[in-house]
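Descriptive analysis of the structure
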Amino acid sequence: MRWLRRILIGLLFVVLAGAVFGFFVVRRSFPRVEGEIEAAGLDGIVEIIRDPDGVPHIYAGTEHDLFFAQGYAHAQDRFWQMDFWRHIGAARLSEMFGDSQVETDLFLRSLDFTGLAEQELQTMPADSRSVLDAYADGVNAYLEGRSPSQVSLEYAILPLQAPGYDIEPWSPINTLTWGKVMSWDLSWNMLQEIDRATLSGVLPADRVAQLYPAYPDDHPVIVATGQTAAVDGGPSTLPDDVLTALAGAGDRVRDVWSVTGGGLGGIGSNNWVVGGSHTESGLPVLANDPHLAIQMPSIWYQNGLHCAGTNSGCPYQVAGFSFPGTPGVTIGHNERIAWGVTNQSADTQDLFIEKLNPDDPTQYEFEGQWVEMETRAETIVVAGGDDIDHEVMLTRHGPVISDTYFEEPPFNGSSLDLPDRYAVALSWQTLQPSTLVEAIIGVNRATGYDEFRSALAKWDIAGQNVVYADVEGNIAYQATGELPIRASGDGSWPVPGWTGEHEWLGVVPFDDMPSIYNPPQGYISTANNPVVAAGALPFFSVDANYGYRAARIQELLGSATSGFSVASAQELQMDGADGGAPALMPHLLAISSDDEAVRVMQEILEPWSTGPGAFIANPDSAGCAAYQATWSHLLRLAFQDDLPEDSWPDGGSRWFTVVAGLLESPSDPFWDLAGTELVEDRDAILEQALVAAHHELSGMLGADPSSWRWADLHIASFENLTFGQSGIAPIEWLFNKKAPARVGGSDDIVNAVGFHPPDGYGVDWLPSMRMVVDLADLSGSTSVNSTGQSGHAFHTHYDDILASWADGTHHPMRWDRDQVAEGAEGTLTLVP
């Protein structure tokens, strides 16, 4: 009994200790949302009203106070996220997380985002600089006098890894570097170059071409243009030993993306705008859902910014979604216009092979002359370890990345007649000073199309497809970003840097970038599909999305002749039609087999492929579960034995097109399994895929196929990008959350909730938020974030939106002050 008493006392102590930890450590960082707080540096009184979803709506009398308060609110809810992001941008992750991040820092230091930000700040117009300064002042006003653990729970755990870590004041530089990181996440052509080169080392050129097919003729482009020009491609072969070398390069790309959350296969976004001739109200409806990596908390922060009174120096009435750490609203609306964005997949990255002087490796050749490389000394500070000194080398084409990127020289033995010594440099448009912040601020201020388009002229990196609507009934589209003009080549393969034949000659002028204004069809949509047709100008890329989502959106918008509404847009955002299934399904159903598993699978698949609900990836669908499992095993069987691991299919739109082509060639070599005595054909692989899928699903979901549910496979686990991936279960439990098991959608479906087939069926990218704006009644606009407003674990608003996101249920996108105040959870007044 004495031992039992001791055990009970011990358990009681653990419970009490947990309660104390929860109350004094977890809750101490929760922000104050009502009452009055003095904040030095304000011009006047500011009110921050938190609506029932925890979204702050800021009312201020001056521009300075408005952005000061936005910085304050961002810091209240998301400062750990902001601090993590700025350490990515500054390549200083090792200061927080030790030697595990040294390789990431070494590579990111070569890009020198901080140096670029310093250049931008020096040349930035005074009005934009004042916004950044006011925002930073607000962040620092919140941090003032608070210990790290009072700012966020993560800082109570960080000393285990980085003892003595201090929070530095926020700087405008930190805002500017985050823009570069986002551009990195949205620019993956370099990986496509590496992938093509890697594949050329293991496959003949014609089989590599099969894996990068042409864009389907029956899928839409965004803008029709009469300008055409021939663009020559890259080399058809690369050296035999490229596979091992470039596999190491691809690993580094993925390492960096694992930190930033970028580069996932199939990732994209949807947006559209429907003109008043088709809407219930007679004015436009605009919708947007950006597809980004799943993470906790959401990458987006919702807020409203309102200038109170009639101060002409404070022209902002804007609501929508921002990035924590960045002032203004990136996607949203003001009192006159609304806008939404999708990524262009524009190719703004090229890899140049530099010929080095065999007698002096600090020199490289260009057009017959030896040129001295520029150098820059860097020091990586490592928590719990020694500092690391590193020298960055730069050529005329950009930073040399081969010493921090490639495990060994990647192109030895190439048909390019390479020298004995060479390096690889990266050209990337983002490595030039940018005016992106000026563009976002200008868009927030714009009162009509001309001002809006003028602001977008400054959106020079991370090129986007931007749709527009205004209260006058106009709808429009504008392509943004600076596209390189190449002397030759299409940017799809690494090129020799010493010849001068592949130089960038400049960028496409903004006035030559495609645009649309009030088109006759009465709607505009984009879904990462090509901006212009192949051969048209300007040249964007050979690697855009293959247009299955775009085709489905246009199909549904084209049938909406009248009565389109906010509810219609919400329904379209959740559309689950799988555009790849119609090509594959007839072949699966036609398989004749003696294996009972094939018959069972066909009985589940056949009703899923017929009727008005055909091919819909609903969460409760057994047919969808059967199809997605079969699809995953088909990709494994057909390609994994032929391709290096980093090139295994991700299941997105490119693979829809690849497989559709192979289905018409039953004896194609891709169908044959390596290492078997038989020569398998298409039907043999389809049969094996059905059997393997049945076996897997029976083990995971039970022996009764009628009880299978796609949502029981397609789990959305939202992980904190730092401690949520620590490998320490109790710490991960603190920060990670799961959405309810009712998530539908899939890769390159309008409801684009993606997964990576080699890793299972769990969600890895998703609609990171959904927004619908009603230009007839801005107060009737709706939205839903993916997690919650707060970045504080265990806070009410940490995960309170997960169920709504999973179900596609929107919340009011509150606009009028009375609407904001109704049911508000608190009003915080900041006073000078």
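Calculation rules
- Residues numbered from 1 in each chain as written.
- Predicted model: local features only at pLDDT ≥ 70, side-chain atom pairs only at ≥ 80, totals over all residues.
- Heavy atoms only, no water.
- Pairing = 2+ DSSP bridges.
- Helix = DSSP H or I, 4+ residues; strand = E, 2+ residues; numbered from the N terminus.
- Axes fitted to C-alpha atoms, helices over the stretch in contact; angles between N-to-C directions.
- Phe/Tyr/Trp six-rings, centres within 6.5 Å; stacked < 30°, edge-to-face > 60°.
- Lys NZ or Arg CZ within 6 Å of the ring centre and 35° of its normal.
- pLDDT = per-residue confidence, 0-100.
- Contact = heavy atoms within 4.5 Å.
- Disulfide = S-S within 2.5 Å.
- Buried < 20%, exposed > 50% of the residue type's maximum accessible area, 1.4 Å probe, protein only.
- Parallel < 35°, antiparallel > 145°, perpendicular 65-115°, else oblique.
- Left-handed = near helix turned anticlockwise from the far one by under 90°.
- Nonpolar A, V, L, I, M, F, W, Y, C, P; charged D, E, K, R; others polar.

1. Observations concerning the sheet that holds strand β6 (residues 301–307)
Taken in spatial order, the eleven strands line up as β1-β31-β2-β3-β6-β7-β8-β9-β17-β18-β22 in an open sheet, and their pairing is mixed. The open sheet terminates on both sides in strands that have one partner only, identified here as β1 (35–38) and β22 (515–517). Here the average twist between neighbouring strands, direction ignored, is 15°. Here strand β8 (residues 331–334) pairs with strand β9 (residues 337–343) via two bridges, running antiparallel. Counted as the bridge partner of H333 is A338 from β9.

2. Some words on the packing of aromatic side chains
Summed over the entire model, instances satisfying the criterion amount to 32 aromatic pairs. In this structure an aromatic cluster arises from ring pairing among W80, F84, F97, Y155, Y165, F723 and F735. One cation-aromatic arrangement involves R146 over Y142; the distance from NZ or CZ to the ring centre is 3.9 Å. R817 extends its terminal NZ or CZ atom over the ring of Y59, reaching a point 4.3 Å from the ring centre.

3. Comments concerning the confidence of the model for the protein chain
Averaged over the protein chain, the pLDDT score is 91; the fraction of residues at 70 or greater is 91%. This stretch, residues 236–248, has a pLDDT under 50; its non-local contacts, to residues over four places away or in other chains, come to 47 contacts. The low-confidence segment residues 405–409 (pLDDT under 50) makes 21 contacts with residues lying over four places distant or belonging to another chain.

4. A look at the sheet that holds strand β14 (residues 388–395)
With antiparallel pairing, three strands are arranged side by side in an open sheet as β13-β14-β15. Looking at strand neighbours, the two that pair on one side only are β13 (374–380) and β15 (398–399), the edges of this open sheet. As paired elements, β13 and β14 share seven bridges and run antiparallel to each other. Across the sheet, the residue bridging to A377 is E391, located in β14. Packing against the sheet, helix α4 (residues 102–111) makes contact with β13, β14 and β15, and its axis sits at approximately 145° to β13.

5. Observations concerning the state of the cysteines
One covalent bond between the sulfur atoms of two cysteine residues makes up a disulfide. Per the counting criterion, the structure on display carries one disulfide. Each disulfide pairs two cysteine sulfurs, and for C307 the partner residue is C314, the sulfurs being separated by 1.9 Å. As the torsion about the S-S bond is roughly -75°, the C307-C314 disulfide counts as left-handed. We classify C307 as buried; its relative accessible area is 6%.

6. Description of the pairing of strand β3 (residues 56–60)
With five of five residues buried, β3 is to be regarded as a mostly interior element. Side chains P56, I58 and A60 of β3 all project onto a buried face; the interleaved residues H57 and Y59 project onto the opposite face, where all are buried too. With four bridges joining them, strand β2 (residues 46–50) and β3 adopt antiparallel strand pairing. Paired with E47 across the strands is Y59, a residue of β3. Hairpin connection of β2 to β3: five residues between the antiparallel strands, including G54 at a positive phi of 85°. One ladder, built from four bridges, connects β3 with β6; its direction is parallel. The partner of I58 across the bridge, within β6, is L305.

7. A closer look at the packing of helix α18 (residues 581–589) against helix α19 (residues 596–608)
At their nearest, the axes of α18 and α19 sit 10 Å apart, and the two run at 140° to each other. With respect to α19, the element α18 is oriented oblique. The interaxial crossing formed by α18 with α19 has left-handed handedness. Residue-level inspection shows A581, M585, L588 and L589 of α18 in contact with α19, the latter providing Q602, L605, E606 and W608. A breakdown of the residues in the contact of α18 with α19 according to their chemical character gives six nonpolar, one polar and one charged.

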